[in-house]
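What follows is the residue order along each chain.
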Number of protein chains: 4
Amino acid sequence: MCRWIAYRGRSVPLARYVTEPEHSLVRQSIGAKEALGATQGDGFGLGWYDRQLEPGLYREVRPAWSDENLRHLCRHISAHLFFAHVRAATSTPTTRPNCHPFIHGRFMFMHNGSLGDWDLIRRKVEALIPDAYYRSRIGTTDSEAAFLAILGEGAEHDPLGALMRTVASIAGMIRASGAPNAFRFTSALTDGESLYAVRYAMPREAANTLYFREDEGDLVIASEPLDAEGSGWNEVPANHVLIARKHEEARLEPFLEEKRAAAE
Amino acid sequence: MCRWIAYRGRSVPLARYVTEPEHSLVRQSIGAKEALGATQGDGFGLGWYDRQLEPGLYREVRPAWSDENLRHLCRHISAHLFFAHVRAATSTPTTRPNCHPFIHGRFMFMHNGSLGDWDLIRRKVEALIPDAYYRSRIGTTDSEAAFLAILGEGAEHDPLGALMRTVASIAGMIRASGAPNAFRFTSALTDGESLYAVRYAMPREAANTLYFREDEGDLVIASEPLDAEGSGWNEVPANHVLIARKHEEARLEPFLEEKRAAAE
Amino acid sequence: MCRWIAYRGRSVPLARYVTEPEHSLVRQSIGAKEALGATQGDGFGLGWYDRQLEPGLYREVRPAWSDENLRHLCRHISAHLFFAHVRAATSTPTTRPNCHPFIHGRFMFMHNGSLGDWDLIRRKVEALIPDAYYRSRIGTTDSEAAFLAILGEGAEHDPLGALMRTVASIAGMIRASGAPNAFRFTSALTDGESLYAVRYAMPREAANTLYFREDEGDLVIASEPLDAEGSGWNEVPANHVLIARKHEEARLEPFLEEKRAAAE
Amino acid sequence: MCRWIAYRGRSVPLARYVTEPEHSLVRQSIGAKEALGATQGDGFGLGWYDRQLEPGLYREVRPAWSDENLRHLCRHISAHLFFAHVRAATSTPTTRPNCHPFIHGRFMFMHNGSLGDWDLIRRKVEALIPDAYYRSRIGTTDSEAAFLAILGEGAEHDPLGALMRTVASIAGMIRASGAPNAFRFTSALTDGESLYAVRYAMPREAANTLYFREDEGDLVIASEPLDAEGSGWNEVPANHVLIARKHEEARLEPFLEEKRAAAE
């Protein structure tokens, strides 16, 4: 399990959400309330957009709660769109390339969950990645592989479609693998303009938590509410995606299987 | 708060106590039961004696629970006397020189607790350290300063006396400083032969936990019992020192103020 | 030996001087030409001023040449005043608090050189630091101690005077210590507005190199020229300080002993 | 380029070869003489055999020259068979899983060189790895992939044959890829009993250096002689393997293509 936040709105110092709130992401790194374990101390990462097309990235293997650099960067970097992530490793080593978020060109991605039993489907998921993107695979996580598969599926022209098709492909692989472990895919993808936040699981009831809050056009999405009371936060329903396109209000959309289930 | 273990007995692989038990020290690094916080993820250290006079030392800033090196070393290093420590930093940075144990020549020391308000007495404690030992101060913790003060107080010839006199000096400084914080000094000292494990606090009731177990001459001392049930473990009473001299059985001895209180 | 650069001028991405030039600071970390050794791989640091009063800081123990975070930050952080430093440790451990630059409030400092034989004068230099600043001593280098001594000497009201008086005090201590090692103090100090770059040594001929270049009001100061040819770079003479006050052109001024020597 | 040493003989402290000699491996990490660059500061590793079947392993991303842990371990760990490696990364990140040596069960491997243009043949080399070994791929280097391919080729029953067949397969892939970069494969493999040290390149003249010295049955193999004079050291000829089977003297054997070339 991991914890993450994504932000889109007016340009703000990252500190406003990453370090300052009572139940900030950094606080969640050592005292999460809705995760399997309270500690997400296996590295962390920040990715942010400023006036450049490609995001900046800071990833580190030390726990977020003791990283002085993180506090400095959060006070001194402002962004209108950023991701932040604290990691609780499942089965891959604690290295910087295994920390989230992942970036490629103007795209950025992060993930909380796991792809069933990674050993059983790793080669199949990696086979989804076209050669042009495979050379960007510098780590060994299931999350990075999923990201590169999404890019290979055509994220450049249709990010949301590529994301959903890749989730469907991976779900099929996991089903076929016979793995007892669930497919948990609470994740966020952006091309630097539009933001897509997914809360998905197979089975549905295994979905990791995800919340969002809108305040005068500023959108915050988080694994757990950032304040103790949790007021003003809405839950993203399982198997839904929160879509925040450029210059548009955020809206929820169900995954295809959710629509089908609803129609039955 | 930190968690530690000390061992004296037949030569065993460190793994037997550091990584293998159900509630091993590494398990305590992410799920301590009797500490202020469950997580001691601010670095760790191992110090051990083999046939050489001076101990070996491995210290690292990453959390113990994810350190592959630690697992390897614990399987492949055996010792008849060793210390292991997982750190929850209070006010000093997470650096290797600030991790326990500390060594100097054939001496080794580790500590769980704090010296009142360190900012108020730091200079006074550092002034206790003779020049010959001050050049060995490579970190900034109160614990390392206390260790070097003990050495300067004559540990070479009278380890226990030097330890107790230093504790008394520091207690006086803390009392004089007016600090509201307690003096917590659950610690272990060895010269490579005899082992002294202290559970001390001022006020007495603030003492951090300490347990020991003897099994056919093998002595294990730990912040928390290493198994879930805790059977066979004895508590070290507050303001007592457990003395395990070479070729002698371990025995408990009260601090001077404890004797006085008992005599009243 | 270390290598460093300081910049004051129009706001630019740090990359322009830290990573992009042919003989950039990062290039100097693995291939310095005018240092004792080619490799300065014992950590590095960046400190920069933006619209806030206090600088941002990023320090890391890994070599600069392989740090992906450094490259990202240099592309995405712009500043009108910044320091960058790559370290070749002399006698203190490779920890983040021992990496340069050092900051305190709005002040920032970095250093290339050494204070004679540190073991011989450490306590005397630390004694120069008033209590109010001593609690900010989180590392163990001679450089950080000198910085805090300068602050204690009144840098708040007279930075240059405090710097020069502290250098004189330390020079006296080194002379008295009988250390055979030179006092090398090629350093930079700023309060966020004015910048003071010192090239000082005792004896004079031991002074580490220092260069500067001005280009339409943008001032770059560096241990070594940042381009292969070195054209347009001026040497700071030994025992001089380059003074770049806010809204003023940079000018050179000799140390007092340099004036005296010239007068003889 | 990297530097490495391998040892087989009487049990000795690792320090005898890793840290103590005038031109020890640690010295080579910052001042190599026969490598492309003098600095191999992108991590390092130790792997050693004691009475257990599987080797111990210590790998770290910091430079070898400043790692206090390395010095302690080398003084306190003795082995009759060990590998040590200092890394100069080519195109993969500086992470612990990318540091050498690599281990799997009782096998251990390390490498100095590169597999042509890794991006061009990565997928093909990874496809050589059977599923049972692919789950052990925790890094992203060409070296680790080659090791797992050798294991998959049947190292369990015929280590040398598996090694040579894998080298031939990879050579074919590189030739087919049209990469301008050479295939450099100066490497060592052991099953904990027999030791195989390879100096191979395609083209032959691109071979990285390799030397060995025997002294009363103790065999040391090194990228560069460990003493300044280099006396007593023999060069391993290009495209040869040095074979040191259990209880047998070391002997040189040419690669198949070397035999063919000699026969022409």
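Residues numbered from 1 in each chain as written. Chains lettered and ligands numbered in written order. Predicted model: local features only at pLDDT ≥ 70, side-chain atom pairs only at ≥ 80, totals over all residues. Heavy atoms only, no water.

**A closer look at the interface of chain B and chain C**
The line we're drawing: Only heavy atoms matter for contacts: two residues are in contact if any of them lie within 4.5 Å across the pair. One side-chain nitrogen of Lys or Arg within 4 Å of one carboxyl oxygen of Asp or Glu is enough to make a salt bridge. Identification of polar contacts relies on pairs of N or O atoms within 3.5 Å, with a donor-acceptor requirement for protein atoms, meaning one able to donate a hydrogen and the other able to accept it, and with residues adjacent in sequence counted only if both atoms are side-chain atoms. Runs of E in the DSSP output that reach at least two residues are strands. Runs of H or I that reach at least four are helices, and both are numbered from the N terminus. Note on residue categories: nonpolar means Ala, Val, Leu, Ile, Met, Phe, Trp, Tyr, Cys or Pro, charged means Asp, Glu, Lys or Arg, and polar means any other residue, Gly included.
On the side of chain C, 18 residues touch chain B, which itself brings 17 residues to the contact. Ionic pairing is found between Arg123 of chain C and Asp131 of chain B, a salt bridge with its closest N-O pair at 2.8 Å. In this assembly, chain B and chain C are joined by twelve residue pairs in polar contact (both at pLDDT 80 or more). Of all the secondary-structure elements, those providing two or more residues to the side of chain B that touches chain C are helix 4 (118-127) and helix 5 (131-134) of chain B. For the side of chain B that touches chain C, the element with the highest residue contribution is helix 4 of chain B, accounting for five residues. Across the side of chain B that touches chain C, the residue classes break down as seven nonpolar, three polar and seven charged.

**Topic: the relation of the copies chain B and chain C**
One chain copy maps onto the other through a rotation about an axis and a shift parallel to that axis. Operational definition: Copy-to-copy alignment: least squares on C-alpha atoms, limited to residues at pLDDT 70 or above in both.
Superposition of chain B onto chain C requires a rotation of 180° combined with a translation of 0.0 Å along the rotation axis, giving an RMSD of 0.0 Å. In symmetry terms, the pair is related by a two-fold rotation axis. Judged by C-alpha distance, Thr95 of chain B is the residue of chain B that lies nearest the rotation axis, at 3.0 Å.

**Section: the interface of chain A and chain C**
You'll often see interface size given as the accessible area lost when the parts meet. Here is the rule: Summed over both partners, the accessible area (1.4 Å probe) lost when two parts come together is defined as the buried area.
Contacts between chain A and chain C engage 21 residues on the former and 21 residues on the latter. Taking both partners together, chain A and chain C bury about 1,600 Å²; carbon and sulfur atoms supply 45% of that area. On inspection of chain A and its partner chain C, the count reaches six salt bridges. Close ionic contact of Arg96 of chain C with Glu60 of chain A constitutes a salt bridge, the shortest N to O distance being 3.8 Å. Inspection of the region where chain A meets chain C yields 18 residue pairs in polar contact (both at pLDDT 80 or more). Looking at the side of chain A that touches chain C, the elements with two or more residues in it are strand 3 (56-60) and helix 3 (68-76) of chain A. For the side of chain A that touches chain C, the element with the most residues is helix 3 of chain A, which contributes six residues. Across the side of chain A that touches chain C, the residue classes break down as seven nonpolar, five polar and nine charged.

**Observations regarding the pairing of strand 13 (residues 251-254) of chain D**
Within a regular beta strand, the side chains point alternately toward one face of the sheet and then the other, so they alternate between its two faces. Residue and element names in this part refer to chain D. Short version of the rule: DSSP calls a pair of strands paired once it identifies at least 2 bridges connecting them.
Summarising the sheet, strand 12 (residues 240-244) and strand 13 pair through four bridges and their orientation is antiparallel. Bridge pairing in strand 13 places Val241 opposite Glu253. In sequence, strand 12 turns back onto strand 13 through a hairpin of six residues, with His247 there showing a positive phi of about 60°.

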